[in-house]
Amino acid sequence: MGAGPRAGLIALCALAVCGPYFGGMFNHTKDVPFAAAMIWAVFFILRIGRALPSPRWTDLLGFGLMLGAATGLRALGLLLVGYAGLMVLLSAPRPLAFAGTAAFATKSALRIAPALLLGYLIMIAAWPWASLAPLNPLRALFSFAHFHYEIRTIVAGEIYRMADVPWWYVPFYLAIKVPLIVYAGALCAIVTSILALVHGGWSKLTRRHLEVGFIAFVALFPVLCEALTEGPAFTGMRHFLFVLPPFAVLAGIGFDAVLDALSPRRWLAAGGAAALALALGWNAGVLVRLHPYEYLFYNSLVGGLEGAARRYEMDYWVNMMPEAVRALHDYLGLDKNSSQHTYSVGVCGEKFAFDNYADRRLQAQPGWLEADFFIAPTQMNCDRLVDGRVIATITRFGVPIGVVKDRRGLTQKALNQPFGAAPQ
């Protein structure tokens, strides 16, 4: 692409300070590996495109391995086959002529075919169901549109079933969950390529401009499809983490182009580099303060975490459980008390998460109203479902993420507040 190592470093930093991605690494055991496989496959597609119709076998091998890894994790990995086809068309010799383009595309397809076969073999090794019928992978790809469980989600203070979310649900969450500095850099890269097209036409477009357009397509196409088909969605942008690395790459290219433009005046270039470093450093500082809840990052479009509280997805993985259990331990003095008295605890979240950290004298109670204590995240107001005296609050930036309540002696009914099922 010719953007150079500086663009690569900026892209790496941009992705590292992206809270949904960095925080997702500790929660989303399929979504983040899938995102990594996708961006590596895109990397090899770009390298293959530069050498078509005779790509290097090492690039074909890399693409096949990453294609298999991606499709073995999620059916959406099949998008890579379409991306490879698009790269063939973008790499065809100009001016386009039917006979020449057809010959080029045929030769290129034959060279890429072994990589597709390798990817298919890896996919069925990781996902045997895909081999039971030739069209099973495609069926899985389109079946997500009918993936309807009684899972609820929240956006802009409104609660929806996953099947009924508005068309703008995923694009909006992408807009408010990603650091704005990433989008600023991506916009620079896209605008630069558009201006080159406007002023010079197709004949003046460089390989770099074509590849920027390709990466922008990779980043935007899945989101556009989700919006147009009004597909089901829940837990914010969790299932679209794989578009974040392409956005980070665009940010690296865009800011690299800006620094190149400023380079004739060294003081401007130095100032631009310093401003970029400060912006990335500021976002890193936010993640440090959020730790270990980095995936709760929200940008300034909604006022950060403070503006997102109780209006958008919060700690749906109930990562606050260890901190809450420690607070309950300290409150009861269990570390200093040898009494074998047991306490019942209602848990708004997965029971095993509580059991992993709780003393044996703390027993999870399925009936919250009969429990001595209640632990809950503030996700969709679960903490307000059952009354009690708050004895501990887990906060970041002054925003409650979870609470521990003492309910001993209380008898009441749960408040009539809607709440969604835990993420699957």
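Higher on the page you've got the structure.
If you're wondering where the values come from, they're calculated on a predicted model, not measured in any experiment. (Residues numbered from 1 in each chain as written. Predicted model: local features only at pLDDT ≥ 70, side-chain atom pairs only at ≥ 80, totals over all residues. Heavy atoms only, no water.)

S.K.: How would you explain the overall build of the protein chain if you had to name every residue and give the values?
M.R.: In terms of helices and strands, the protein chain carries 15 helices and seven strands. The principal-axis extent of the C-alpha atoms belonging to the protein chain is close to 85 × 60 × 40 Å. Classification of the 424 residues of the protein chain by burial places 48% in the buried group. Restricting to contacts in the protein chain with at least 6 residues of sequence separation, those with at least 24 account for 70%. On the protein chain, roughly 20100 Å² of surface is accessible, and the fraction owed to carbon and sulfur atoms is 65%. (Helix = DSSP H or I, 4+ residues; strand = E, 2+ residues; numbered from the N terminus. Buried < 20%, exposed > 50% of the residue type's maximum accessible area, 1.4 Å probe, protein only. Contact = heavy atoms within 4.5 Å. Areas by Shrake-Rupley, 256 points an atom, 1.4 Å probe, with all protein chains shown as cover.)

S.K.: Help me get a handle on the pairing of strand β3 (residues 343-347), residues and values and all.
M.R.: Within β3, five of the five residues are buried, which leaves it mostly tucked inside the rest of the structure. Of the pairings in the sheet, the one linking β3 to strand β4 (residues 362-364) comprises three bridges and is parallel in character. Within β4, the residue paired with Tyr-343 across the bridge is Leu-362. Judged from the three bridges that link them, β3 and strand β5 (residues 373-377) form a sheet pairing that is parallel. Of the residues in β5, the one forming a bridge with Val-345 is Phe-373. (Pairing = 2+ DSSP bridges.)

S.K.: So what about the packing of aromatic side chains? Which residues, and what values?
M.R.: Summed over all chains, the structure comprises 21 aromatic pairs. With centroids separated by 5.3 Å and ring planes inclined at 75°, the aromatic side chains of Phe-34 and Phe-242 adopt a geometry described as edge-to-face. With Phe-34 in helix α3 (residues 31-51) and Phe-242 in the loop between α10 (207-229) and α11 (244-262), the pair connects residues that are 208 residues apart, well separated along the chain. Residue Phe-242 is classed as buried on the basis of its relative accessible area of 4%. Between Tyr-83 and Phe-214, the ring centres sit 6.3 Å apart and the planes meet at 85°, which makes this aromatic pair edge-to-face. (Phe/Tyr/Trp six-rings, centres within 6.5 Å; stacked < 30°, edge-to-face > 60°.)

S.K.: Give me the lowdown on the environment of Leu-301, citing residues and values where you can.
M.R.: Relative to the elements of secondary structure, Leu-301 occurs in the loop between α12 (266-290) and α13 (304-308). Once the C-alpha coordinates of Leu-301 and Ile-176 are considered, the two residues, 125 residues apart in sequence, prove to be 5.9 Å apart.

S.K.: Describe the environment of Arg-50, naming the residues involved and giving the relevant values.
M.R.: Inspection of the secondary structure assignment puts Arg-50 in helix α3. On the accessibility criterion, Arg-50 (44% relative accessible area) is partly exposed. The sequence separation of Arg-50 and Arg-207 amounts to 157 residues, and the corresponding C-alpha distance is 8.4 Å. A polar contact is formed between the side chain of Arg-50 and the side chain of Glu-211, at a distance of 3.0 Å. (Polar contact = N/O pair within 3.5 Å; in protein donor to acceptor, adjacent residues only side chain to side chain.)

S.K.: Explain the packing of α3 against helix α5 (residues 79-91) to me, and be specific about the residues and the numbers.
M.R.: Contact geometry of α3 with α5 gives a least axis separation of 10 Å together with a crossing angle of 25°. As far as their axial angle goes, α5 and α3 are roughly parallel. The way α3 lies across α5 gives a crossing that is right-handed. Packed against α3, whose contacting residues are Met-38, Ala-41, Val-42, Ile-45, Leu-46 and Gly-49, the element α5 presents Leu-79, Leu-80, Tyr-83, Ala-84, Met-87 and Ser-91 at the interface. Residue classes in the contact of α3 with α5 are distributed as ten nonpolar, two polar and no charged. (Axes fitted to C-alpha atoms, helices over the stretch in contact; angles between N-to-C directions. Parallel < 35°, antiparallel > 145°, perpendicular 65-115°, else oblique. Left-handed = near helix turned anticlockwise from the far one by under 90°. Nonpolar A, V, L, I, M, F, W, Y, C, P; charged D, E, K, R; others polar.)

S.K.: Explain the side chain of Asp-383 to me, using residue names and the numbers behind them.
M.R.: Tracing the sequence through the fold places Asp-383 in the loop between β5 and β6 (389-396). Its relative accessible area of 6% is what places Asp-383 among the buried residues. Asp-383 has contacts with Arg-310, Phe-374, Ala-376, Pro-377, Thr-378, Val-403 and Lys-405, leaving out every residue within four places of it along the chain.

S.K.: Talk me through the layout of surface pockets; I want residue IDs and the actual numbers.
M.R.: Computed from the structure, the second largest pocket encloses a volume of approximately 780 Å³. Mapped by element, the contributors of at least two residues to the lining of the second largest pocket are α1 (4-16), α2 (19-24), α3 and α11. Ranked by residue count, the leading element in the lining of the second largest pocket is α3, at eight residues. Broken down by class, the residue content of the lining of the second largest pocket amounts to 21 nonpolar, four polar and two charged. (1 Å grid on protein atoms, 1.4 Å probe; cavity = no way out; pocket = protein on both sides within 12 Å on 5 of 7 lines; lining within 4 Å. Points joined across faces, edges and corners; volume = space filled by probe spheres on them.)

S.K.: Just give me the short version of the sheet that holds β6, but keep the residues and values in it.
M.R.: Pairing in this open sheet of five strands is mixed, and the strands run β4-β3-β5-β7-β6 from one edge to the other. Strands at the two margins of the open sheet, each flanked by one partner only, are β4 and β6. Put simply, the sheet's adjacent strands are angled 25° from each other on average, direction ignored.

S.K.: For the state of the cysteines, give the residues involved together with the corresponding values.
M.R.: Here the structure, examined in full by the defined rule, presents one disulfide. In this model Cys-348 forms its disulfide with Cys-382; the gap between the sulfur atoms is 1.7 Å. Here Cys-348 and Cys-382 share a disulfide; its torsion about the S-S bond, 120°, makes the bridge right-handed. Within this pair, whereas Cys-348 is found in the loop between β3 and α15 (351-357), its partner Cys-382 is found in the loop between β5 and β6, the two being separated by 34 residues in sequence. Each member of the pair, Cys-348 together with Cys-382, is buried. Lacking any disulfide linkage, Cys-13 is separated from the closest cysteine sulfur, that of Cys-18, by 13 Å. (Disulfide = S-S within 2.5 Å.)

S.K.: So what's going on with α1? Residues and values would help.
M.R.: Over its 13 residues, α1 extends 19 Å from the first C-alpha to the last, a length consistent with the 18 Å expected when each residue adds 1.5 Å. Against the buried residues of α1 lie α2, α9 (180-200), α11 and α12. (Expected span 1.5 Å × (residues − 1).)

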